[in-house]
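Each chain, letter by letter, is given below.
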Amino acid sequence: MRMARPTRIDFPGAWYHVVNRGIERQLIFRSGGCYERFLELVSTLPARFGVKLHGYVLMPNHYHLQVETPEANLSQAIHWLNVGYSVWFNRKYSRVGPLFQGRFKAILHEPDEALVINRYIHLNPVRVKAAGGHQGRADSEREITKELARQRVEILEQFPWSSYGYFAGTKAPVEWLSTHSILECFGQGSQRKRQETFRRQLREAAAAGDWETDWKRRLKYMVLLGRTEFVAQMRKLLQGDQDQQTGLRRASKNGLAWTHIVRAVTKAWDRPWEELLHARGCGARETALFLGRTRARLTLKELGSLSGGLHHNAVSIAIRRFSPRLQKDRALQRKLAVIEKALNRI
C-alpha cells in the first residue's frame, strides 16, 4: 500500500526549495545544449507565472530551484517547466515516456531560512565524491589539504550551470533572477560589498567541506522548514481543505485588471483603444496582450474575447512574436518601460 503524498501548501509569498530528479536517477541533461534549453525555460518563469527565482543549480540527473510565489501558483509553474523540457528532450533524443521521477519535491521554508537553502543549492556541485563529499554528508574523516580546498573552490567558481556567479558578482545580472533578497542578508553595504561577502563565505564553506546540510535534520513532515510557530501554522494548511488553497490562488490572480493595462497602453500611445485595437504595425495591441498574459494572468481565450473576438491561436502567435520584436525595437522598449512603471504604481 502506497503512502499518501503530502499536500502542496500554496499561499501568496511562499518560499520553496524545489527538487526534481530523472526517472530511475537517469540523466536529464546530456549535453550543454540541454542545460541551455532548460535555463531558457526557467528564465521565462518570472514573466509567464509571476514567480521569483532566487537561485538554481542544474546537475546531470537532477535540478534545484529556490522559488518564491507571489501568486500561489508553484505547481502550475513547475509543471509547465517540466512538461516543456520533457517534450523538447524526448524529441531531441527520440525517446518516449516520462523524463522525471514522479512529481517534483517542494520544501516550504520560512524567508528567514532562505540564505541556508540558497547556500545549500550553490554548494551542490562541490558536494560530490570527487571533491571529498558523499551524497550531502560532510567528509569529516578526510584530511582537508590545501590542494583539496583549492579544488573545491575551483569547482564552486567554475561550475557553469548554477546561479552562484550572479550572487558573487562574477556574472552580469539578468532580469529573471532575483538576488536582492538573499544579498540583503549581508548588511547595509553596497551591492558590490554584499556580493564580495557572499562569495567569500561560499568559498570558505566549499573549502572547509561545510555543505549546509544541517537544515535537513530540522525538516518537519517532509516538507516544512522553519520555526515552531511557522511549522504549526503551515501544518494547519497542510491538513486543511484544498478548496481553500484554490480560492487563495484565484484571489491572487485578480491583482491587475485588464482595464489597468488598456488605460496604460492608450496613454503611452496617446490614441484611443478602439483605434489601437485595429492598428497594424504599431505594437500597441501586442503589448497589451503580452501584459495581459504575463501581468494579469489572463488565458488566451479571455484575451481574445477582450480584444475584439480574436481567436486564441492568434493571441498566442501575437504574444510569441512580441518578445523578439521588443529586443530590436527601441521605441517599443521605451513605451513598455513607461507602461510597466504606471502598472507598478497600481
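Okay, so let's go over this structure.

Conventions used here
Residues numbered from 1 in each chain as written. Predicted model: local features only at pLDDT ≥ 70, side-chain atom pairs only at ≥ 80, totals over all residues. Heavy atoms only, no water. Pairing = 2+ DSSP bridges. Helix = DSSP H or I, 4+ residues; strand = E, 2+ residues; numbered from the N terminus. Contact = heavy atoms within 4.5 Å. Axes fitted to C-alpha atoms, helices over the stretch in contact; angles between N-to-C directions. 1 Å grid on protein atoms, 1.4 Å probe; cavity = no way out; pocket = protein on both sides within 12 Å on 5 of 7 lines; lining within 4 Å. Points joined across faces, edges and corners; volume = space filled by probe spheres on them. Phe/Tyr/Trp six-rings, centres within 6.5 Å; stacked < 30°, edge-to-face > 60°. Lys NZ or Arg CZ within 6 Å of the ring centre and 35° of its normal. Buried < 20%, exposed > 50% of the residue type's maximum accessible area, 1.4 Å probe, protein only. Polar contact = N/O pair within 3.5 Å; in protein donor to acceptor, adjacent residues only side chain to side chain.

**Structural notes on the sheet that holds strand S1 (residues 14–21)**
And then number 1: Ordered by their spatial adjacency, five strands build an open sheet running S2-S3-S1-S4-S5, and the pairing between neighbours is mixed. Looking at which strands have only one partner, the edges of the open sheet turn out to be strand S2 (52–59) and strand S5 (224–225).
And then number 2: In the sheet, strand S4 (residues 105–109) pairs with S5 via two bridges, with the strands oriented parallel. Looking at S5, one finds that His109 is bridged to Leu225.
And then number 3: Each of S1, strand S3 (62–69) and S4 touches helix H2 (residues 74–92); the most contacted strand, S3, lies at about 145° to it.
And then number 4: Against the sheet, helix H3 (residues 114–122) makes contact with S1, S2, S3, S4 and S5, and its axis sits at roughly 155° relative to S3, the strand it touches most.

**Overview of the layout of surface pockets**
And then number 1: Computed from the structure, the largest pocket encloses a volume of approximately 1,400 Å³.
And then number 2: The wall of the largest pocket is formed by 31 residues, among which Ala47, Arg48, Phe290, Thr294 and Ser323 lie closest to the centre.
And then number 3: Counting residues per element, the ones that place at least two in the lining of the largest pocket are helix H1 (32–49), S2, helix H12 (284–294), helix H14 (312–328) and helix H15 (330–344).
And then number 4: Broken down by element, the residue count for the lining of the largest pocket peaks at seven residues, all from H14.

**A short note on the packing of aromatic side chains**
And then number 1: Counted according to the given criterion, the structure contains 19 aromatic pairs.
And then number 2: Arranged with centres 5.8 Å apart and planes meeting at 45°, the rings of Tyr85 and Phe89 form a pair that is tilted. You can see Tyr85 and its partner Phe89 sitting in helix H2, four residues apart, about one turn around the helix.
And then number 3: Three or more aromatic residues joined by ring pairs make a cluster, and in this case those are Phe29, Tyr35, Phe38, Tyr63, Tyr85, Trp88, Phe89, Tyr93, Phe100 and Trp161.
And then number 4: Between the NZ or CZ atom of Arg30 and the centre of the ring of Tyr93, over which it lies, the distance is 4.5 Å.
And then number 5: Note that Lys335 overlies the ring of Trp269, its terminal NZ or CZ placed 5.4 Å from the centroid.

**Re the environment of Ile9**
And then number 1: Within the secondary structure layout, Ile9 lies in the segment before S1.
And then number 2: When the C-alpha atoms of Ile9 and Leu237 are compared, they prove to be 6.5 Å apart, with 228 residues separating the residues in sequence.

**What to know about the side chain of Glu110**
And then number 1: Within the element layout of this structure, Glu110 appears in the loop between S4 and H3.
And then number 2: We classify Glu110 as buried; its relative accessible area is 5%.
And then number 3: At 2.7 Å, the side chain of Glu110 and the side chain of Arg227 are in polar contact.
And then number 4: Not counting the four nearest positions on each side in its chain, Glu110 is found in contact with Leu225, Gly226, Arg227 and Phe230.

**Points about the pairing of S3**
And then number 1: Counted residue by residue, S3 has eight buried out of eight residues, so it is predominantly covered.
And then number 2: Across the two faces of S3 the burial is the same, with His62, His64, Gln66 and Glu68 and Tyr63, Leu65, Val67 and Thr69 all buried.
And then number 3: Sheet topology note: the S1/S3 ladder contains eight bridges and is antiparallel. Bridging from a neighbouring strand, His17 pairs with Gln66 of S3.
And then number 4: Bridge count for S2 against S3 is seven bridges, and the pairing is antiparallel. Paired with Leu58 across the strands is Tyr63, a residue of S3.
And then number 5: Linking S2 back to S3 in an antiparallel pair, the connection comprises two residues.

**Here we look at the pairing of S4**
And then number 1: Most of S4 is tucked away, with four of its five residues classed as buried.
And then number 2: Bridging between S1 and S4 involves five bridges; their strand directions are antiparallel. Looking at S4, one finds that Tyr16 is bridged to Leu108.

None of this, on its own, says anything about what the molecule does.
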